[in-house]
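# Residue-level structural notes
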Amino acid sequence: MASLSCSAEDLIPLLGGAATNTTAVADYICSRFDTIAAKLSDTTYAVDSTYLLFSAYLVFAMQLGFAMLCAGSVRAKNTMNIMLTNVLDAAAGAISYYLFGFALAFGSPSNGFIGRHFFGLKDFPLPSFDYSYFLYQWAFAIAAAGITSGSIAERTQFVAYLIYSSFLTGFVYPVVAHWFWSSDGWASPARSNGDLLFGSGVIDFAGSGVVHMVGGIAGLWGALIEGPRIGRFDRTGRSIALRGHSASLVVLGTFLLWFGWYGFNPGSFLTILKPYGESGGYYGQWSAIGRTAVTTTLAGCTAGLTTLFGKRLLVGHWNVTDVCNGLLGGFAAITAGCAVVEPWAAIVCGFVAAWVLIGCNKLAERVKYDDPLEAAQLHGGCGAWGLLFTGLFATEKHVREVYDGPSDRPYGLLMGGGGKLLAAQIIQIIVVCGWVTITMGPLFYALHKLKLLRISSGDEMAGMDLTRHGGFAYVYNEDDELSFKPGLPLGKVEPTNSHHNSPLEAEVTI
């Protein structure tokens, strides 16, 4: 962008006249130009900061989406528990990220492994980032914790949620964010010293690996160590569906997450007033932001439709919950490359993401892995595919626009950019899996050994709302106090015997 500057020496020859008057006029005009330039600079900062704050609000709204999705995906007797854990993710995550997380992730100058400045936001803000940047990154951190809570739902002690959420947002996630997003990170595509991994760095624009894989792999280990819910598999090992109690909440949560993703992906540009090339043109970062929203939309919609028809062929019916999970799988996959691929490639991303999710769910059933929200399969599996997809389909033009650096920066293998970017993406998948495994795995195992992880079988059968939270989330009788009685009918509706002439003649079993 051309600078708006003025010099009295440049204006004097143009004005003519007496030297004294000409100098005074030139100084006055230049002072006006300097004032305008300062105002424009202030406006640029204000617009960019407002854009980032708005994006942060959208990403934070995803917590409501997670809460609704989780609530609808569990049985009614555990609704209050799962809602409380989502509140806890945000509240505990805010404190731990403020004290430690942000500093470990973005505390420059530092080494390539971990940040070491800005603990408790000391010496903050800086010209490089303001408070809006902290808020935006905090919203990302608690999103990772929210993913994990879905994997271990309906059987986890409340204290375990508090411990793992603080540890994940305060240490595990920030270290990964530092590696791939900080200017000092060893695999960052924007590394300040120019020493890029494979000459490229890892392109994980909005966090298929940093957010989704971290949350998904953490949930995987939590669910593996806890074991499946009671009744999820019978004695022969056959899978038995423990369906959530409200498809309406699942759909509502999905739409809220979809809405929030427009802050998650387009918002990751961090600024909007940046031209590409000469100023005054129609094409700039604002155009890239629009394209990113389009690729996000197309990937999610394609994955949702593919899941709809794919599951129809496999199981013989149309399932709205499967479609919602397919949508989210497409969004998780496109998150890595949303800014550096063409819209047509996003359709490819969503199509493959749907089959990755279906395949991961089939594998989970075979190994008797129980994840009430399919979080590990959706965020871990589809997130890994998204990283590989970026290494295959990132275009040269968009990579150069989004990332500063050498003109010969590698791009997608299938776009003619060689295999270096794909190699970097594979490295990210490996190190994220390894890091989360050696940190979250021992934590969950220690909680298990200390009997702080899983609730008792009696509490699990009765439901945590009643046994741990003082009553059920829903009132089923006009007398509010009845909602606290263990004899409240919450079970499924079944026929009383085989001689009913009408399917409506049934009784409620507890």
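Below is a summary of the structure that appears in this document.

Analysis parameters
- Residues numbered from 1 in each chain as written.
- Predicted model: local features only at pLDDT ≥ 70, side-chain atom pairs only at ≥ 80, totals over all residues.
- Heavy atoms only, no water.
- Helix = DSSP H or I, 4+ residues; strand = E, 2+ residues; numbered from the N terminus.
- Contact = heavy atoms within 4.5 Å.
- Phe/Tyr/Trp six-rings, centres within 6.5 Å; stacked < 30°, edge-to-face > 60°.
- Buried < 20%, exposed > 50% of the residue type's maximum accessible area, 1.4 Å probe, protein only.
- Patch = residues over 30% accessible without salt bridge, like charges linked within 9 Å, V, L, I, M, F, W, Y side chains within 5 Å.
- Areas by Shrake-Rupley, 256 points an atom, 1.4 Å probe, with all protein chains shown as cover.
- Salt bridge = Lys/Arg side-chain N within 4 Å of Asp/Glu carboxyl O.

Another point: the side chain of Gln-377. Within the fold, Gln-377 resides in helix H11 (residues 375–393). Every residue in contact with Gln-377, bar those within four places of it in the chain, is listed here: Leu-357, Cys-360, Asn-361, Ala-364, Tyr-369, Asp-371 and Cys-382.

This brings us to the packing of aromatic side chains. Enumeration over the complete set of coordinates arrives at 37 aromatic pairs. Relative to Phe-393, the ring of Trp-344 has its centre 6.0 Å away and its plane inclined at 80°; by these criteria the two rings are edge-to-face. With Trp-344 in helix H10 (residues 343–366) and Phe-393 in helix H11, the pair connects residues that are 49 residues apart, well separated along the chain. Assessed through its relative accessible area of 46%, Trp-344 is described here as partly exposed.

In this structure, Gly-227 sits in the loop between helix H6 (208–226) and helix H7 (247–264). By relative accessible area, which is 15% here, Gly-227 ends up buried. On a C-alpha basis, the gap between Gly-227 and Lys-368 in space is 8.7 Å, while along the polypeptide they are 141 residues apart. Among residues more than four places away in sequence, those in contact with Gly-227 are Arg-155 and Arg-454.

Among the surface-exposed residues, Ile-95, Tyr-98, Leu-99, Phe-100 and Phe-119 lie close enough to one another that they form a single nonpolar patch of about 460 Å² accessible area. Assignment of secondary structure puts Tyr-98 in helix H3 (residues 79–106).

For residues besides glycine, phi is generally negative; the peptide bonds are generally trans as well. Cis geometry is adopted by the peptide bond preceding Pro-109, which originates at Ser-108 and carries an omega value of -5°. With respect to the element layout, Pro-109 can be found in the loop between H3 and helix H4 (131–151). Positive phi values are uncommon outside glycine, yet Lys-451 reaches one of about 60°.

A word on the environment of Ala-424. By secondary structure assignment, the location of Ala-424 is in helix H13 (residues 420–449). Using a relative accessible area of 0% as the deciding quantity, one classes Ala-424 as buried. Separated by 237 residues in sequence, Ala-424 and Ala-187 have C-alpha atoms that sit 8.0 Å apart. Filtering out sequence-adjacent residues up to four positions away, Ala-424 remains in contact with Leu-197, Phe-198, Gly-201 and Val-202.

The next point concerns the pattern of salt bridges. Enumeration over the complete set of coordinates arrives at nine salt bridges. Salt-bridge contacts for Glu-226 lead to Arg-155; the nearest nitrogen and oxygen are separated by 3.7 Å. On the criterion of sequence distance, the pair formed by Glu-226 in helix H6 and Arg-155 in the loop between H4 and helix H5 (158–181) is long-range, its members being 71 residues apart. This pair shows no difference in class: Glu-226 is buried, exactly as Arg-155 is.

The values are spatial; any link to function lies outside them.
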